[in-house]
Amino acid sequence: MKMKTQNHIILASAIFFAALASGRAQSTYTPYAFTNFAGLPGVAGTNDGTGSAARFNDAGSVAVDGAGNVYVADFGNHTVRKITTARAVTTLAGLGGTAGTNDDTGSAARFNGPATLDVDSNGNVYVADFYNNTIRKVTPAGVVTTLAGAALVSGTTDGPGSVARFNNPIGVAVDSATNVYVGDYGNHTIRKITPAGEVTTLAGSAGQPGSANGTGNAAQFNGPHHVRVDGAGNVYVADTGNHTIRKITPAGMVTTLAGSAGRPGSADGTGSVVRFREPFGVAVNSDGTVYVADTFNHTIRRIKPDGAVTTLAGRAGQVGSVNGTGSTARFNEPISVAIDSTGNIYVADYLNNRITKGTPLLQFEMSTSNLTVSNGLFQMRLIGPSGSNVVVEASVDFAAWTAIQTNALSPFGLDVSVPLITNQNQVFRARLAP
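Please read all numbers here as calculations on a predicted model, not as lab measurements.

Moving on: the nonpolar core. The biggest cluster of nonpolar side chains holds 22 residues, and the ones touching the most others in it are Phe-37, Phe-56, Val-62, Val-70, Val-72, Ile-83 and Ile-355. Where this core is concerned, the elements lending two or more residues are β3 (32-38), β5 (59-64), β6 (70-74), β29 (334-339) and β30 (345-349). Among the elements that take part in this core, β5 stands out by supplying three residues, more than any other.

Written out as structure tokens, the structure is:
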């Protein structure tokens, strides 16, 4: 059967209408709605509080745990903060505005420019303490210890715990086995810390910036910033000075996932056609989709497992603090990005001193592989807020609608097959159930 439909998707309220025309469909939707989650745009401070009553000072990183709590490396305040799902902000460790090196508990502990953080399955937070040249660990009770490095001492040494040396570590990530990975900015390397505290260099060669792909110390980076690790142990790196996103296998083999070294820009596309402008932050979800805080483009980007890069929010070169959907949202140097188990995106909006939240909108996944007709069935994929119930309906006249099925969205979307009526144009829509 030849596919026939309208040539666009109509958005009305929270409903998306889909139709088919000459085997193609075009979209006018944008996938995430961004709103202010905590902090007040443009206002710095140290306050704990709820939502916009809280204050941050150059929030440098976000990470999210399995319960949906968000952790913030509050760089300018020298503190580690926690935001509950109810948007209540507290200070987990450190004292606002006071730098230092102390291991201790809660406000008695000190950091010196905590740049990034990540959280393990037990709620322990790992912190790249930038100016202290150390990697710190914070328990859920706020007990701070130094995992590796020596405070205020820089170097390149591999070895156990306090013997190891870093040079302005700016990225940190933890895997399911509690191995910790470090973006060692000043050394142009990616380091690994085992649960026993042994530090090795996974990739790159200390003091040798470059862009070469390769294995181990044959690879090169140029001021790598944030890192994240997937369930298979692959490490993703925002190679900031190269304007690229890199991938490291567990064996230390480095490839360039997207972007072209030394060629900044804002182009979407695939592979080396893509352009970034000093991306600082990366995140990866369970299906291998990578999210990028494209810092100096002031945008949030996405790299699908097939390598396709798109811009999710913001507009390249346009600074602001506007809540909005897709290209209407504005950021001011978004520096870090995290994604939770239901697909919500959290952004550390650095110069706006706030954390924003992007909520996925219900939408049809618009591609030839996800909108097909076969054996009298129209097959489509829906994506949106995970766990929500979606009603799929059909009409031949845009007036009377018949419910076909109701299903829950998974984090990877919902595949739907509906029967077509012979010799009639049909229109399908999907809406979130009340």
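This next bit is on unusual backbone geometry. Its identity is not glycine, yet His-188 carries a phi of approximately 60°, on the positive side. For His-188, the location among the structural elements is in the loop between β15 (180-184) and β16 (189-193). Residue class for His-188 comes out buried when judged on its relative accessible area of 15%. For Asn-375, which is not glycine, the phi dihedral falls at a positive 55°. Inspection of the secondary structure assignment puts Asn-375 in the loop between β33 (371-374) and β34 (377-383).

Let us look at the sheet that holds β29. Spatially, five strands are ordered β28-β3-β31-β30-β29 in an open sheet, and the strand pairing comes out antiparallel. Looking along the sheet, the strands with just one partner apiece sit at the ends: β28 (324-325) and β29. In this sheet, β30 lies alongside β29 in antiparallel orientation, the contact comprising five bridges. Among the inter-strand pairings, Ala-338 is bridged to a residue of β30, identified as Tyr-346.

Here we take up the packing of aromatic side chains. Applying the stated criterion across every chain yields a total of ten aromatic pairs. Relative to Tyr-131, the ring of Phe-130 lies with its centre 4.9 Å away and its plane at 75°, an arrangement referred to as edge-to-face. Among the residues examined, Tyr-131 registers a relative accessible area of 42% and is labelled partly exposed. Both rings, one in Phe-130 and one in Tyr-185, keep their centres 6.4 Å apart while their planes meet at 50°; by these two values the pair is tilted. Taken as a pair, Phe-130 in the loop between β10 (125-129) and β11 (134-138) and Tyr-185 in the loop between β15 and β16 lie far apart in primary sequence, 55 residues in all. You can call Phe-130 buried: its relative accessible area is 11%. The partly exposed category is assigned to Tyr-185, whose relative accessible area is 32%. Grouping aromatic residues by their ring pairs yields a cluster made of Phe-75, Phe-130, Tyr-131 and Tyr-185.

Quick notes on the rules
Residues numbered from 1 in each chain as written. Predicted model: local features only at pLDDT ≥ 70, side-chain atom pairs only at ≥ 80, totals over all residues. Heavy atoms only, no water. Core = buried A, V, L, I, M, F, W, Y, C linked by side-chain atoms within 4.5 Å. Buried < 20%, exposed > 50% of the residue type's maximum accessible area, 1.4 Å probe, protein only. Helix = DSSP H or I, 4+ residues; strand = E, 2+ residues; numbered from the N terminus. Pairing = 2+ DSSP bridges. Phe/Tyr/Trp six-rings, centres within 6.5 Å; stacked < 30°, edge-to-face > 60°.

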